[in-house]
Amino acid sequence: MSQQVALITGGASGIGLAAAKALAHAGFHVVIADIQTAAAEAAVGQLRSEQLSASAVTLDVSNEDAWRAAIDSVEKDLGRLDVLVNNAGLGEGGTLASTTLKAFNRVMAVNVNGVFLGCKYGIPLMERSGGGSVINVSSIFGIVSDQLTLAYSASKGAVRTLTKSLALDCADRGNGVRVNSIHPGFIETPMVMNAAAATPAEVIDPYVARTVGQTPMGRFGQPDELGDVIAFLASDASRFMTGSEVTVDGGFTAR
Ligand code: NAI
(Lines give C-alpha, C1' and ligand atoms only; values in the text may rest on other atoms or scores of the structure.)
Protein backbone atom coordinates (compact mmCIF):
# COMPACT_ATOMS: atom_id res chain seq x y z
CA MET A 1 0.00 0.00 0.00
CA SER A 2 1.50 3.36 -0.97
CA GLN A 3 -0.81 5.52 1.18
CA GLN A 4 0.89 6.39 4.47
CA VAL A 5 -0.66 4.97 7.63
CA ALA A 6 -1.20 6.64 11.03
CA LEU A 7 -2.41 4.79 14.13
CA ILE A 8 -4.02 6.87 16.87
CA THR A 9 -4.73 5.34 20.28
CA GLY A 10 -7.81 6.69 22.02
CA GLY A 11 -8.82 7.91 18.56
CA ALA A 12 -12.55 7.56 19.20
CA SER A 13 -12.89 10.72 21.30
CA GLY A 14 -11.52 14.17 22.10
CA ILE A 15 -7.94 14.96 21.12
CA GLY A 16 -7.43 11.53 19.49
CA LEU A 17 -10.48 11.97 17.27
CA ALA A 18 -9.31 15.47 16.30
CA ALA A 19 -5.87 14.02 15.47
CA ALA A 20 -7.48 11.30 13.35
CA LYS A 21 -9.47 13.91 11.42
CA ALA A 22 -6.44 16.15 10.86
CA LEU A 23 -4.24 13.24 9.74
CA ALA A 24 -6.94 11.83 7.45
CA HIS A 25 -7.32 15.28 5.86
CA ALA A 26 -3.50 15.35 5.45
CA GLY A 27 -3.80 12.18 3.33
CA PHE A 28 -3.05 9.38 5.79
CA HIS A 29 -5.06 6.21 6.16
CA VAL A 30 -5.93 6.47 9.85
CA VAL A 31 -6.33 3.50 12.17
CA ILE A 32 -8.49 4.42 15.14
CA ALA A 33 -7.35 2.20 18.00
CA ASP A 34 -9.56 2.42 21.05
CA ILE A 35 -10.94 0.35 23.89
CA GLN A 36 -14.43 1.61 22.93
CA THR A 37 -15.10 -0.47 19.80
CA ALA A 38 -18.48 1.05 18.91
CA ALA A 39 -17.23 4.62 19.28
CA ALA A 40 -14.14 3.81 17.16
CA GLU A 41 -16.36 2.35 14.44
CA ALA A 42 -18.64 5.39 14.58
CA ALA A 43 -15.59 7.65 14.12
CA VAL A 44 -14.50 5.58 11.12
CA GLY A 45 -18.00 5.93 9.64
CA GLN A 46 -17.83 9.70 10.13
CA LEU A 47 -14.45 9.94 8.34
CA ARG A 48 -15.52 7.65 5.49
CA SER A 49 -18.64 9.76 4.96
CA GLU A 50 -16.20 12.58 4.12
CA GLN A 51 -14.42 10.25 1.61
CA LEU A 52 -11.47 9.89 4.00
CA SER A 53 -9.57 6.65 4.51
CA ALA A 54 -9.96 5.03 7.95
CA SER A 55 -10.33 1.75 9.81
CA ALA A 56 -10.75 0.72 13.45
CA VAL A 57 -9.04 -1.74 15.75
CA THR A 58 -10.06 -2.60 19.30
CA LEU A 59 -7.10 -2.03 21.59
CA ASP A 60 -6.51 -1.73 25.32
CA VAL A 61 -3.17 0.09 25.32
CA SER A 62 -2.19 -1.41 28.69
CA ASN A 63 -2.35 -4.96 27.26
CA GLU A 64 0.83 -6.27 25.59
CA ASP A 65 -0.92 -9.08 23.67
CA ALA A 66 -3.47 -6.60 22.33
CA TRP A 67 -0.64 -4.37 21.04
CA ARG A 68 1.06 -7.32 19.36
CA ALA A 69 -2.21 -8.24 17.63
CA ALA A 70 -3.01 -4.65 16.61
CA ILE A 71 0.41 -4.03 15.04
CA ASP A 72 0.32 -7.45 13.32
CA SER A 73 -3.06 -6.58 11.80
CA VAL A 74 -1.79 -3.18 10.60
CA GLU A 75 1.20 -4.85 8.94
CA LYS A 76 -0.92 -7.61 7.38
CA ASP A 77 -3.79 -5.38 6.19
CA LEU A 78 -2.03 -2.09 5.42
CA GLY A 79 1.61 -3.11 4.99
CA ARG A 80 3.20 -0.18 6.82
CA LEU A 81 3.10 2.28 9.73
CA ASP A 82 4.34 5.86 9.36
CA VAL A 83 2.82 7.74 12.30
CA LEU A 84 1.94 6.58 15.80
CA VAL A 85 -0.01 8.89 18.11
CA ASN A 86 0.09 7.53 21.66
CA ASN A 87 -2.88 9.52 22.91
CA ALA A 88 -5.08 7.17 25.00
CA GLY A 89 -5.06 8.27 28.61
CA LEU A 90 -6.97 8.33 31.87
CA GLY A 91 -7.50 11.69 33.55
CA GLU A 92 -7.92 10.64 37.16
CA GLY A 93 -7.66 13.21 39.96
CA GLY A 94 -6.46 12.61 43.51
CA THR A 95 -4.15 13.85 46.26
CA LEU A 96 -1.56 11.85 48.20
CA ALA A 97 -4.19 11.13 50.86
CA SER A 98 -6.90 10.02 48.47
CA THR A 99 -4.81 8.04 45.94
CA THR A 100 -4.62 4.30 46.57
CA LEU A 101 -1.85 2.15 45.11
CA LYS A 102 -4.51 0.44 42.98
CA ALA A 103 -5.61 3.77 41.48
CA PHE A 104 -1.99 4.86 40.98
CA ASN A 105 -1.19 1.61 39.14
CA ARG A 106 -4.34 1.91 36.98
CA VAL A 107 -3.27 5.37 35.75
CA MET A 108 0.30 4.21 35.17
CA ALA A 109 -0.86 1.09 33.27
CA VAL A 110 -2.70 3.16 30.66
CA ASN A 111 -0.78 6.45 30.58
CA VAL A 112 2.78 5.09 30.84
CA ASN A 113 2.77 1.37 30.00
CA GLY A 114 0.44 2.16 27.09
CA VAL A 115 2.96 4.57 25.56
CA PHE A 116 5.88 2.22 26.24
CA LEU A 117 4.08 -0.72 24.60
CA GLY A 118 2.96 1.39 21.64
CA CYS A 119 6.57 2.30 20.97
CA LYS A 120 7.87 -1.21 21.69
CA TYR A 121 5.60 -2.75 19.02
CA GLY A 122 4.97 0.24 16.74
CA ILE A 123 8.50 1.56 16.20
CA PRO A 124 9.90 -1.67 14.67
CA LEU A 125 7.12 -1.61 12.03
CA MET A 126 7.77 2.10 11.40
CA GLU A 127 11.43 1.26 10.98
CA ARG A 128 10.56 -1.46 8.45
CA SER A 129 8.38 1.15 6.69
CA GLY A 130 11.37 3.47 6.24
CA GLY A 131 10.97 5.76 9.29
CA GLY A 132 8.23 7.98 10.65
CA SER A 133 6.96 10.08 13.52
CA VAL A 134 5.77 9.15 17.01
CA ILE A 135 3.73 11.73 18.91
CA ASN A 136 3.21 11.02 22.60
CA VAL A 137 0.41 12.96 24.27
CA SER A 138 1.65 14.10 27.68
CA SER A 139 0.16 17.17 29.42
CA ILE A 140 1.11 20.48 31.00
CA PHE A 141 1.05 18.24 34.10
CA GLY A 142 4.10 16.45 32.67
CA ILE A 143 5.99 19.74 33.12
CA VAL A 144 4.30 21.47 36.07
CA SER A 145 1.80 19.97 38.50
CA ASP A 146 -1.15 20.34 40.83
CA GLN A 147 -1.64 18.65 44.18
CA LEU A 148 -5.01 17.36 42.93
CA THR A 149 -3.47 15.32 40.07
CA LEU A 150 -0.83 13.24 41.82
CA ALA A 151 -0.89 9.98 39.80
CA TYR A 152 -1.81 11.72 36.54
CA SER A 153 1.11 14.16 36.82
CA ALA A 154 3.52 11.35 37.69
CA SER A 155 2.37 9.45 34.60
CA LYS A 156 2.62 12.45 32.28
CA GLY A 157 6.10 13.35 33.58
CA ALA A 158 7.14 9.79 32.72
CA VAL A 159 5.79 10.21 29.16
CA ARG A 160 7.88 13.38 28.77
CA THR A 161 11.23 11.72 29.58
CA LEU A 162 10.32 8.35 28.01
CA THR A 163 9.88 10.35 24.79
CA LYS A 164 13.39 11.80 25.07
CA SER A 165 14.95 8.35 25.69
CA LEU A 166 13.15 6.97 22.64
CA ALA A 167 14.17 9.96 20.49
CA LEU A 168 17.83 9.41 21.43
CA ASP A 169 17.58 5.67 20.79
CA CYS A 170 16.00 6.14 17.34
CA ALA A 171 18.49 8.85 16.35
CA ASP A 172 21.38 6.67 17.51
CA ARG A 173 20.10 3.77 15.45
CA GLY A 174 19.51 6.04 12.46
CA ASN A 175 16.13 4.39 11.84
CA GLY A 176 14.43 7.56 10.59
CA VAL A 177 11.87 7.59 13.41
CA ARG A 178 11.35 10.89 15.26
CA VAL A 179 9.71 10.92 18.72
CA ASN A 180 8.18 14.06 20.26
CA SER A 181 5.76 14.82 23.08
CA ILE A 182 2.93 17.33 23.16
CA HIS A 183 1.69 18.98 26.33
CA PRO A 184 -1.91 20.20 26.09
CA GLY A 185 -3.34 22.65 28.58
CA PHE A 186 -7.04 22.44 29.44
CA ILE A 187 -8.91 21.22 26.34
CA GLU A 188 -12.68 20.91 26.02
CA THR A 189 -12.94 17.15 25.46
CA PRO A 190 -15.35 14.56 26.90
CA MET A 191 -12.67 13.71 29.53
CA VAL A 192 -12.69 17.24 30.91
CA MET A 193 -16.36 18.06 30.33
CA ASN A 194 -17.59 14.79 31.95
CA ALA A 195 -15.33 15.33 34.96
CA ALA A 196 -16.62 18.90 35.26
CA ALA A 197 -20.26 17.75 34.99
CA ALA A 198 -19.70 15.18 37.75
CA THR A 199 -18.20 17.73 40.15
CA PRO A 200 -20.37 19.94 42.39
CA ALA A 201 -20.71 23.49 41.05
CA GLU A 202 -19.22 25.01 44.22
CA VAL A 203 -16.01 23.04 43.56
CA ILE A 204 -15.80 23.12 39.75
CA ASP A 205 -16.81 26.75 39.14
CA PRO A 206 -13.94 28.30 41.14
CA TYR A 207 -11.54 25.67 39.70
CA VAL A 208 -12.49 26.59 36.13
CA ALA A 209 -12.30 30.31 36.92
CA ARG A 210 -8.85 29.85 38.48
CA THR A 211 -7.62 27.71 35.57
CA VAL A 212 -8.85 30.06 32.88
CA GLY A 213 -7.44 32.96 34.93
CA GLN A 214 -4.01 31.25 34.96
CA THR A 215 -4.11 30.75 31.17
CA PRO A 216 -2.68 33.86 29.50
CA MET A 217 -4.92 33.39 26.44
CA GLY A 218 -7.91 33.33 28.83
CA ARG A 219 -9.78 30.26 27.58
CA PHE A 220 -9.77 26.46 27.32
CA GLY A 221 -8.44 24.94 24.09
CA GLN A 222 -10.42 23.03 21.46
CA PRO A 223 -9.51 19.50 20.30
CA ASP A 224 -8.82 20.62 16.70
CA GLU A 225 -6.13 22.97 18.03
CA LEU A 226 -4.26 19.82 19.12
CA GLY A 227 -5.11 17.93 15.93
CA ASP A 228 -3.36 20.59 13.86
CA VAL A 229 -0.18 20.43 16.00
CA ILE A 230 -0.18 16.62 15.83
CA ALA A 231 -0.51 16.81 12.02
CA PHE A 232 2.48 19.20 11.96
CA LEU A 233 4.60 16.82 14.07
CA ALA A 234 3.54 13.95 11.78
CA SER A 235 4.60 15.86 8.68
CA ASP A 236 7.93 16.56 7.05
CA ALA A 237 7.60 20.20 8.14
CA SER A 238 8.89 19.03 11.56
CA ARG A 239 11.69 16.86 10.09
CA PHE A 240 14.47 18.33 12.34
CA MET A 241 12.41 17.88 15.53
CA THR A 242 12.95 14.91 17.81
CA GLY A 243 12.88 14.67 21.60
CA SER A 244 11.01 17.98 21.69
CA GLU A 245 8.28 18.85 24.17
CA VAL A 246 5.66 21.01 22.48
CA THR A 247 3.27 22.89 24.79
CA VAL A 248 -0.18 23.69 23.38
CA ASP A 249 -1.61 25.44 26.41
CA GLY A 250 -2.53 29.06 25.67
CA GLY A 251 0.62 30.10 27.55
CA PHE A 252 -0.18 28.28 30.86
CA THR A 253 3.39 27.04 31.39
CA ALA A 254 5.02 30.29 30.20
CA ARG A 255 4.64 31.90 33.65
P1 NAI B 1 -11.15 11.52 26.08
O2 NAI B 1 -11.63 10.83 27.33
O3 NAI B 1 -12.07 12.40 25.34
O4 NAI B 1 -10.57 10.42 25.08
C5 NAI B 1 -9.73 9.41 25.52
C6 NAI B 1 -9.90 8.20 24.62
O7 NAI B 1 -8.99 7.20 25.07
C8 NAI B 1 -11.31 7.60 24.69
O9 NAI B 1 -11.80 7.33 23.39
C10 NAI B 1 -11.09 6.30 25.47
O11 NAI B 1 -11.99 5.26 25.12
C12 NAI B 1 -9.66 5.97 25.10
N13 NAI B 1 -9.04 5.07 26.07
C14 NAI B 1 -9.05 5.16 27.41
N15 NAI B 1 -8.39 4.13 27.95
C16 NAI B 1 -7.93 3.38 26.93
C17 NAI B 1 -7.17 2.20 26.85
N18 NAI B 1 -6.77 1.54 27.95
N19 NAI B 1 -6.86 1.72 25.62
C20 NAI B 1 -7.28 2.35 24.49
N21 NAI B 1 -8.02 3.47 24.51
C22 NAI B 1 -8.34 3.99 25.71
O23 NAI B 1 -9.84 12.29 26.54
P24 NAI B 1 -8.97 13.48 25.90
O25 NAI B 1 -9.19 14.67 26.74
O26 NAI B 1 -9.15 13.56 24.45
O27 NAI B 1 -7.51 12.93 26.25
C28 NAI B 1 -6.63 12.39 25.30
C29 NAI B 1 -5.22 12.49 25.84
O30 NAI B 1 -4.89 13.87 26.03
C31 NAI B 1 -5.02 11.80 27.18
O32 NAI B 1 -3.76 11.16 27.20
C33 NAI B 1 -5.04 12.96 28.16
O34 NAI B 1 -4.34 12.68 29.34
C35 NAI B 1 -4.37 14.03 27.34
N36 NAI B 1 -4.62 15.40 27.80
C37 NAI B 1 -5.90 15.91 27.80
C38 NAI B 1 -6.10 17.18 28.25
C39 NAI B 1 -7.46 17.82 28.28
O40 NAI B 1 -7.60 18.90 28.85
N41 NAI B 1 -8.48 17.23 27.68
C42 NAI B 1 -4.99 18.01 28.76
C43 NAI B 1 -3.72 17.38 28.69
C44 NAI B 1 -3.54 16.11 28.22
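Residues numbered from 1 in each chain as written. Predicted model: local features only at pLDDT ≥ 70, side-chain atom pairs only at ≥ 80, totals over all residues. Heavy atoms only, no water.

K.L.:
So what exactly am I meant to see when it comes to unusual backbone geometry here?
P.N.:
Most peptide bonds adopt trans geometry, and most residues besides glycine take a negative phi value. The backbone of Gln 51 shows a phi angle near 65°, a positive value even though the residue is not glycine. Mapped onto the elements, Gln 51 comes out in the loop between helix H2 (37-49) and strand S3 (54-58). (Helix = DSSP H or I, 4+ residues; strand = E, 2+ residues; numbered from the N terminus.)

K.L.:
What is the right way to read the sheet that holds strand S7 (residues 245-248) from this model?
P.N.:
Each strand in a sheet pairs with another by means of backbone hydrogen bonds, the pair being arranged parallel or else antiparallel. Read from one edge to the other, the open sheet built from seven strands follows the order S3-S2-S1-S4-S5-S6-S7, with strand pairing classed as parallel. Looking at strand neighbours, the two that pair on one side only are S3 and S7, the edges of this open sheet. Averaged over all adjacent pairs, the angle separating strand axes in this sheet is 20°, with direction ignored. This element, helix H3 (residues 64-78), spans strand S1 (5-9), strand S2 (29-34), S3 and strand S4 (83-86) of the sheet and lies at about 155° to S1. Running at roughly 180° to S4, helix H4 (residues 101-128) makes contact with S4, strand S5 (132-137) and strand S6 (177-184) of the sheet. (Pairing = 2+ DSSP bridges. Axes fitted to C-alpha atoms, helices over the stretch in contact; angles between N-to-C directions. Contact = heavy atoms within 4.5 Å.)

K.L.:
How should I be thinking about the pairing of S4 in this particular structure?
P.N.:
Looking down a regular strand, the side chains alternate between one sheet face and the other. With burial as the criterion, each face of S4 is covered, one bearing Val 83 and Val 85 and the other bearing Leu 84 and Asn 86. Two elements, S1 and S4, share three bridges in a ladder whose sense is parallel. Across the sheet, Ile 8 pairs through a bridge with Val 85, a residue of S4. Alignment of S4 against S5, held across four bridges, turns out to be parallel. Paired with Val 85 across the bridge in S5 is Ile 135. In this fold, S4 hands off to H4, which returns the chain to S5; that crossover is right-handed. (Buried < 20%, exposed > 50% of the residue type's maximum accessible area, 1.4 Å probe, protein only. Right-handed = clockwise from strand over helix to strand, strands pointing away.)

K.L.:
I would appreciate a short explanation of the environment of Gly 122 in the present structure.
P.N.:
For Gly 122, the position within the fold is in helix H4. Apart from residues lying up to four places away in sequence, Gly 122 is in contact with Ile 71, Leu 81, Leu 84 and Leu 117.

K.L.:
In this structure, what is going on with the site of the ligand? I would like to understand it.
P.N.:
Residues in close proximity to the ligand total 28 residues, the closest being Ser 13, Asp 34, Asn 87, Tyr 152 and Thr 189. One of the side-chain nitrogen or oxygen atoms of Asp 34 is found 2.6 Å away from an oxygen atom of the ligand. The side chain of Asp 60 places a nitrogen or oxygen atom 3.0 Å from a nitrogen atom of the ligand. For the ligand, the protein covers 93% of the area, taking 830 Å² as the surface of the free molecule. No other element matches the three residues that helix H6 (residues 190-197) contributes to the shell around the ligand. Among the residues forming the shell around the ligand, the class breakdown is 15 nonpolar, ten polar and three charged. (Near = heavy atom within 4 Å. Polar contact = N/O pair within 3.5 Å; in protein donor to acceptor, adjacent residues only side chain to side chain. Areas by Shrake-Rupley, 256 points an atom, 1.4 Å probe, with all protein chains shown as cover. Nonpolar A, V, L, I, M, F, W, Y, C, P; charged D, E, K, R; others polar.)

K.L.:
Is there a simple way to explain the side chain of Ser 238 in this structure?
P.N.:
Assignment of secondary structure puts Ser 238 in the loop between helix H8 (223-234) and S7. Under the relative-accessibility criterion, Ser 238 is labelled buried at 1%. When sequence neighbours within four positions are dropped, the list of residues in contact with Ser 238 reads Arg 178, Phe 232 and Leu 233.

K.L.:
When you look at the packing of H4 against helix H5 (residues 150-173) in this model, what are you seeing that I'm missing?
P.N.:
To characterise two packed helices, one gives the angle between the axes of the helices and the distance between these axes. Look at H4 against H5: their axes get within 9 Å of each other, and the N-to-C directions meet at 15°. It follows that H4 is roughly parallel to H5 by the angle criterion. By crossing handedness, the relation of H4 to H5 is classed as right-handed. Residues Phe 104, Val 107, Met 108, Asn 111, Val 112, Val 115, Phe 116, Cys 119, Ile 123 and Glu 127 of H4 touch H5, and the partners they reach there are Leu 150, Ala 151, Tyr 152, Ala 154, Ser 155, Lys 156, Ala 158, Val 159, Leu 162, Leu 166, Cys 170 and Arg 173. Looking at the contact of H4 with H5 residue by residue, the class counts come to 17 nonpolar, two polar and three charged. (Parallel < 35°, antiparallel > 145°, perpendicular 65-115°, else oblique. Left-handed = near helix turned anticlockwise from the far one by under 90°.)

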